[in-house]
Structure formats: C-alpha cells, structure tokens
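Chains, contacts and geometry: an overview
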Amino acid sequence: MGTRRDFFRSLCRTVPVFAFDQFAQALPLGVQFVNVAREAGLKSKTIFGGERNNRFLLETTGCGAAFFDYDNDGWLDIFLVNGTRFEAKYPKGAEPTSRLYKNNRDGTFTDVTAAAGLIRTGWGQGVCVGDYDNDGHDDLFVTYWGDCALYRNNGNGTFTDVASKAGVTTRTSTGARRWNTGCAFLDYDRDGLLDLFVSNYIDFDPKTAPLPESGPCLYKGHMVACGPPGLQGGKNILFHNNGDGTFTDVSGKAGILKTPGTYGLGVLVADFDNDGWPDIYVANDSTSSALYKNNHDGTSRLSISPSKRESPTVRTASLRPEWASPPSIMIATAISIW
C-alpha cells in the first residue's frame, strides 16, 4: 500500500494539475483577505520551542486558537494558545502565556489576559470551547504537555482553572506527563451535558526522549527531531460529564482505548452517518487516522482511515500502519495534516 504522497502522484498522472496562482488568476472569487492582526491589536508573540533548532519533537507542533464570545456581548473574542522553550529563562512578568483578546466592536481587540485570570506559562497545544456546566457562559479547555486546564467562565469577565477539581488534568498515576493535543466538547450520550474528548500524541519525557544525533534521526538527509515512528504513541481520552462539575474517564468502557498508539493531533466531531449521534474523528500523524462511530450505548466502534504521512526516519525502529475505510476521509486528512 502506498503513501498519501503516492496517491496524489497517481492523480497527477490522470488529471490536469494547476499551480495555486493559476487557480487564483482564473477564478474571480470576489473576495480578498488582508492580514490586519497588528492593526487589530493582536501583537503577542507565539513562542514554541527553539527558533533555530528543535531537539525534541514537542518543539515542532505549535499552538491552537479559538473564536468565542466569552462575555456574551454578541461579539466574538479571540483566545490564542501559547507555548514556551526548554532553555529560555524569562524575567518575572515576561513569561510567555496564552492570550485572551476582547473584541472592542470597532475592528480592534484589547488584551485582557491578566484581568481574566488566564496567565499560565507552559507547553500549550490546543483549545476547545463549550458550556460544560450549562450556566450560559462558554468555558475553555486548553491542552498541554502535562496538566491540562479547564477554565470555568465565571460570568464576570474572569475564569477559574478547575481542571484538578473536575478531574480532567489528564494526570497519570505513574507521574508521566501526557502530551495532550487536540480536544473537543461533545454530548456523546445525549444527556444534555457536554462531555470532553482529548487526543494524545506520544508519551514524552525529555529525560528519555531520543535526540537527533542519537539515531541519527533524518528527514531527506537532514538531521531533525526524532519521531514519531519508533516512539510510544499516546492514548486518547473520553471524559463523561457527571453533571456536578466533575468528569469521569470512560475511555476504556467507551472503547476509546482499543486504538493502537496513535500520535493523535486534531479532533473533529460530527454525525458522520446521519444517525443523530455525534461521532469522533482524530487526525493522526504518520499513521492511520481514527473514526470512532457512536454505538448509542456509551461505546464506540473504531474505524481506521487510510492516511499515512511521510515522516522522519529513525534507524532503530519502524511503524506498521493499518489501512481500511473510506477514501473521502483519507483525502480530508491528507489536506489537513500533510
């Protein structure tokens, strides 16, 4: 079975191929996008790993973002996840943090991160929005390498991190720090309460992680951060909302743990088969992506979509992906994470 790159090459042999600028010139779109971030007041710098060299795979992914109306004024505000660096030492008060920007209703935004109680420095990854406690105010879940954050919206412009109390830090009993990536709120059992799904990449520890020169780890002849093939894949997590501000990990009962080590990244929730129940699609890196079909009884059936990305090689290890399922999902995955 070939890779996705082989698939697209086969298409190129049978259909005309055009450069993007050719399409842009040929199609009168009638719209134009202009980057106005700086003029709008979005001036914070995204920090994620070394600027010139990445010794660990963790440094290569980047951060998520969300539009949501945190203050219920009818205008979408912006939350930008931020990361950090291994070697850097920041002056007190200058540490990188995720940012909340309030919409000023005039095309500009104001940084209200500190006032909202959202200051935190760490390896932020993804973010999802949902009113998990049904109080009419959107809450935030932010994934991290390490403890995740569940920011409860207090309804007065501030947030409180209740992840530990709610049982969704994703902390392990062994003390290992999960590399949490994508996330999504969804009501998988249709009880009127938003549950939470969190995807995981690998079990990562910088003390034991292979360094580029240890393999060596090469991509097209260039030394790069090692992985993910050859590294232990993480396990995705499904949390059930108990309705009292807490969650219970039901990953095993729901069939989520039937997935092999997955290198999970993005999460998409949709009713893929139009049966009225939300299903979960996880875009994975370097191996087959996963589609969890909702069985309507609190469990899921796993389908594997045939998507495989060319990745850096590690001389001492290999990964055998599984292949099956619909081509339409394969193409969507190829576009989203290739």
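A brief structural summary. Note that the structure is a prediction, hence the values are computed from the model and not measured. (Residues numbered from 1 in each chain as written. Predicted model: local features only at pLDDT ≥ 70, side-chain atom pairs only at ≥ 80, totals over all residues. Heavy atoms only, no water.)

1. Comments concerning the pairing of strand β1 (residues 65-68)
Using the following cut-off: Residue exposure (1.4 Å probe, protein chains only): buried if accessible area is under 20% of the type maximum, exposed if over 50%, otherwise partly exposed. Only DSSP runs of H or I covering at least 4 residues are called helices, and only runs of E covering at least 2 are called strands; the numbering of each starts at the N terminus. Strands are treated as partners if at least two bridges between them are detected by DSSP.
With burial as the criterion, only one face of β1 is covered, namely that bearing Ala66 and Phe68; the residues Ala65 and Phe67 on the opposite face remain uncovered. Sheet topology places β1 next to strand β2 (residues 77-80); 4 bridges connect them, and they run antiparallel. When the sheet's bridge partners are listed, Phe67 is paired in β2 with Ile78.

2. What about the packing of aromatic side chains?
Here is the rule: Under the pairing criterion, centres of Phe, Tyr and Trp rings, with the six-membered ring standing for Trp, must be within 6.5 Å; the plane angle then separates stacked pairs below 30 degrees from edge-to-face pairs above 60, leaving the rest tilted. Whether a charge lies above a ring is judged from NZ of Lys or CZ of Arg, which has to be within 6 Å of the ring centre and within 35 degrees of the ring normal.
One pass over the full model with this rule turns up 15 aromatic pairs. With centroids separated by 6.1 Å and ring planes inclined at 55°, the aromatic side chains of Tyr201 and Tyr263 adopt a geometry described as tilted. Pair noted here: Tyr201 is in strand β10 (residues 195-203) and Tyr263 is in the loop between α5 (251-254) and β15 (264-270), with a separation of 62 residues, a long-range link. On the basis of relative accessibility, which here comes to 2%, the residue Tyr263 falls in the buried class. Each member of the aromatic cluster is reached from another via a ring pair, and the members are Phe48, Phe56, Phe86, Trp123, Trp145, Trp179, Tyr201, Phe204 and Tyr263. The residue whose ring lies beneath Arg120 is Tyr144, and the NZ or CZ to ring-centre distance is 3.6 Å. Over the face of the ring belonging to Trp277 we find Arg190, whose NZ or CZ atom lies 3.9 Å from the ring centre.

3. As for the side chain of Ser289
Counted only if it meets this: Any pair of N or O atoms that falls within 3.5 Å is considered a polar contact. Within protein, one atom must be able to donate a hydrogen and the other to accept it, and sequence-neighbouring residues count only if both atoms are side-chain atoms.
Mapping Ser289 onto the fold places it in strand β17 (residues 289-294). Judged by relative accessible area, Ser289 falls into the buried class, the value being 0%. Among the polar contacts listed, one links the side chain of Ser289 to the backbone nitrogen of Asn284, at a separation of 3.1 Å.

4. Examining a nonpolar patch on the surface
As a reminder of what qualifies: Every patch collects residues that have over 30% relative accessible area and no salt bridge, joining them within 9 Å if they carry like charges and within 5 Å if they are nonpolar side chains (Val, Leu, Ile, Met, Phe, Trp, Tyr). Only the protein chains shown count as cover for residues, with accessible areas throughout obtained via the Shrake-Rupley method and a probe of 1.4 Å. Here, a salt bridge means any side-chain nitrogen of Lys or Arg that lies within 4 Å of a carboxyl oxygen of Asp or Glu.
The grouping of Leu29, Val31 and Phe33 at the surface amounts to a nonpolar patch, some 410 Å² of accessible area in total. Within the secondary structure, Phe33 sits in the loop between α2 (20-26) and β1. A relative accessible area of 79% means that Phe33 is categorised as exposed.

That's the geometry; what it means functionally is another story.
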